[in-house]
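Structure assessment
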Amino acid sequence: MATFLNLLIVGLATGAIYALIALGYTMVYGIIELINFAHGDIFTLGTFVTIAILSALGVTAANPPDTMSWVLVSELALACIGSFLFCAVLGVLIERVAYRPLRNAPRLAPLISAIGVSLVLQDVGKLWFGNTNVSFVSLPIGSVALGPLNVDVINIFVLVVAIVLMIGLQLLVTRTRIGRAMRAVAQDRDAAALMGVNVNLVIGITFFIGAGLAGAAAFIYSLKFPNTYFYLGFEQGLIAFTAAVLGGIGNLVGAMFGGLIIGLIYSLVTLIPDTILPHGGNAWNKAVIFAILILILVFRPSGLFGQNTPEKV
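It should be emphasised that the depicted structure is a prediction, and the values quoted were computed from it without experimental measurement.

Calculation criteria
Residues numbered from 1 in each chain as written. Predicted model: local features only at pLDDT ≥ 70, side-chain atom pairs only at ≥ 80, totals over all residues. Heavy atoms only, no water. Helix = DSSP H or I, 4+ residues; strand = E, 2+ residues; numbered from the N terminus. Buried < 20%, exposed > 50% of the residue type's maximum accessible area, 1.4 Å probe, protein only. Contact = heavy atoms within 4.5 Å. Areas by Shrake-Rupley, 256 points an atom, 1.4 Å probe, with all protein chains shown as cover. Lys, Arg positive; Asp, Glu negative; His and termini not counted. Charge placed at Lys NZ, Arg CZ, Asp CG, Glu CD. Phe/Tyr/Trp six-rings, centres within 6.5 Å; stacked < 30°, edge-to-face > 60°. Lys NZ or Arg CZ within 6 Å of the ring centre and 35° of its normal. Expected span 1.5 Å × (residues − 1). Polar contact = N/O pair within 3.5 Å; in protein donor to acceptor, adjacent residues only side chain to side chain. Salt bridge = Lys/Arg side-chain N within 4 Å of Asp/Glu carboxyl O. Axes fitted to C-alpha atoms, helices over the stretch in contact; angles between N-to-C directions. Parallel < 35°, antiparallel > 145°, perpendicular 65-115°, else oblique. Left-handed = near helix turned anticlockwise from the far one by under 90°. Nonpolar A, V, L, I, M, F, W, Y, C, P; charged D, E, K, R; others polar. pLDDT = per-residue confidence, 0-100. UniProt positions renumbered as here; feature names shortened; annotations may be inferred.

**A look at the overall build of the protein chain**
When helices and strands are tallied, the protein chain shows 11 helices and four strands. Taken along the three principal axes of its C-alpha coordinates, the protein chain extends 60 × 45 × 40 Å. Going through the 313 residues of the protein chain one by one, you find that 47% of them count as buried. Long-range pairs, those at least 24 residues apart, make up 78% of the contacts in the protein chain between residues at least 6 apart in sequence. In the structure as shown, the protein chain presents an accessible area of about 14,900 Å², 67% of it carried by carbon and sulfur atoms. Averaging the locations of the 14 positively and 12 negatively charged side chains of the protein chain gives two centres separated by 12 Å.

The following block contains the structure:
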């Protein structure tokens, strides 16, 4: 039971990261109906930016800090903000250069453009940090006892940060003026423009927020997992895309819960013994996730919460 509960907590923390990445996919699809295949690679560059900022501040894998201090906390906060802003600005630039000129083109054109941007960002990451694993700094964060469980503090931290960001996004979309504008553009772009909504600005803000959340996810991923590499975003992006489809592409609440569910499945599959699956469940995590994606697309393409996209007349 203790092992099961520990895996449950780990799965929720991992799923929270997937949920933050999935929100970027679902926001972009909800507003311009485009699967932004470059989104996962923006996440990868966010991990590189996190490492670069911490290295510039003297916090490296080769020279890890001995104890937590307010100075270290401020350095981590700076890395988080830097990763968020870098990815957010990069998302806006990608939308302006690669997607906006093709907004009224046949649907295949922006899709191919997104794949091209993904490959470019992968090569940028490869040129920046090479094609091998890059280690994150190991922080002196221990665990806390919750009854019979010893829970890593980092898992609690990841959950708290992710939940705060997800709640903040939901409030932004449902309670603010820019949120109303985003929902109006998602429902009918032309009608929103006739009502005085600056469509280009709203779409740019959507890319800013979605890519920024990928940057925040990259930061907390950097704290939780040991290393990164230039191809990381492709793998993590596919899993996050599965979470978005599971919840209902275009549905923010669906993406949040879809990420948590995928994280739980990804973690709990490790309990399957090798007598049932060759080499045990740990070797089949990704296969199970993508099998779920196929089943969703076949039997419930609208996802668990339904697609929050308008009917085009």
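**A few points about the packing of aromatic side chains**
All told, the structure shown has 12 aromatic pairs when counted by the stated rule. Between Y99 and F207, the aromatic rings sit 5.8 Å apart at their centres with planes inclined by 40°, giving tilted as the arrangement. You can see Y99 sitting in helix 3 (residues 70-99) and its partner F207 sitting in helix 8 (residues 199-224), a full 108 residues away along the chain. Given the relative accessible area of 3%, Y99 is considered buried. Relative accessible area serves as the criterion here: at 2%, F207 is assigned to the buried category. With a centroid separation of 5.2 Å and 45° between ring planes, the pair formed by W128 and F129 is classed as tilted. Accessibility expressed as a relative area gives 40% for W128, which makes it partly exposed. Positioned over the ring face of F225 is K224, at 5.3 Å from the centre of the ring.

**Here we look at helix 8**
An α-helix turns once per 3.6 residues; consequently, residues spaced three or four apart project the same way. With 26 residues, helix 8 ought to run about 38 Å at 1.5 Å a step, and its terminal C-alpha atoms sit 38 Å apart, in line with that. Of all 26 residues that make up helix 8, 22 are buried, and the element is covered over most of its length.

**Structural notes on the environment of R300**
Topologically, R300 is positioned in the segment after helix 11 (285-299). Along the backbone, R300 and G40 are 260 residues apart, and their C-alpha atoms lie at a distance of 24 Å.

**Quick word on the side chain of S118**
Mapping S118 onto the fold places it in helix 4 (residues 108-129). Within polar-contact distance, the side chain of S118 engages the side chain of D41 at 2.4 Å. Residue contacts for S118: discarding those within four places in its chain leaves F37, A38 and D41.

**Here we look at the pattern of salt bridges**
Inspection of every chain in the model, using the stated rule, returns four salt bridges. For the salt bridge of R103 with E95, the shortest nitrogen-to-oxygen distance reads 2.6 Å. By relative accessible area, which is 1% here, E95 ends up buried. Of the charged contacts in the structure, one is a salt bridge between D123 and K126, with a shortest N-O distance of 3.7 Å. Residue D123 and its partner K126 are both found in helix 4; the two are separated by three residues, about one turn of the helix. Residue K126 is classed as partly exposed on the basis of its relative accessible area of 34%. Salt bridges sharing partners connect three or more residues here, namely E95, R100 and R103.

**As for the packing of helix 2 (residues 39-56) against helix 4**
One can describe the packing of helix 2 onto helix 4 by two numbers: an axis separation of 9 Å at closest approach and a directional angle of 20°. Viewed along their axes, helix 2 and helix 4 adopt a mutual orientation that is roughly parallel. Taken as a pair, helix 2 and helix 4 cross one another with a handedness that is left-handed. Residues D41, I42, L45, F48, V49, I51 and A52 of helix 2 lie in contact with helix 4, whose contacting residues are S118, L121, Q122, V124, G125, W128 and F129. Among the residues making up the contact of helix 2 with helix 4, the classes are represented as 10 nonpolar, three polar and one charged.

**Thoughts on the confidence of the model for the protein chain**
A residue-level look at the protein chain finds 96% of positions with pLDDT of 70 or above and a mean pLDDT of 87. Confidence scores differ between elements of the protein chain, with strand 2 (residues 143-146) showing the lowest mean pLDDT of 73 and helix 2 the highest of 94. For the stretch residues 309-313, pLDDT sits under 50, and the model shows nine contacts to residues farther than four places along the chain or on other chains.

**Re the UniProt feature "transmembrane region" (unreviewed entry) in the protein chain**
This chain's UniProt record puts "transmembrane region" (unreviewed entry) on residues 6-30, 42-62, 68-93, 153-173, 194-223, 229-249, 256-277 and 283-299. Taken as a whole, residues 42-62 contains 71% helix and 0% strand, while its terminal C-alpha atoms sit 26 Å from one another. Taken end to end, residues 194-223 comprises 87% helix and 0% strand; its first and last C-alpha atoms sit 46 Å apart.

**Things to note about the environment of A105**
Considering the arrangement of structural elements, one finds A105 in the loop between helix 3 and helix 4. For the pair A105 and W70, spaced 35 residues apart in sequence, the C-alpha to C-alpha distance is 51 Å.

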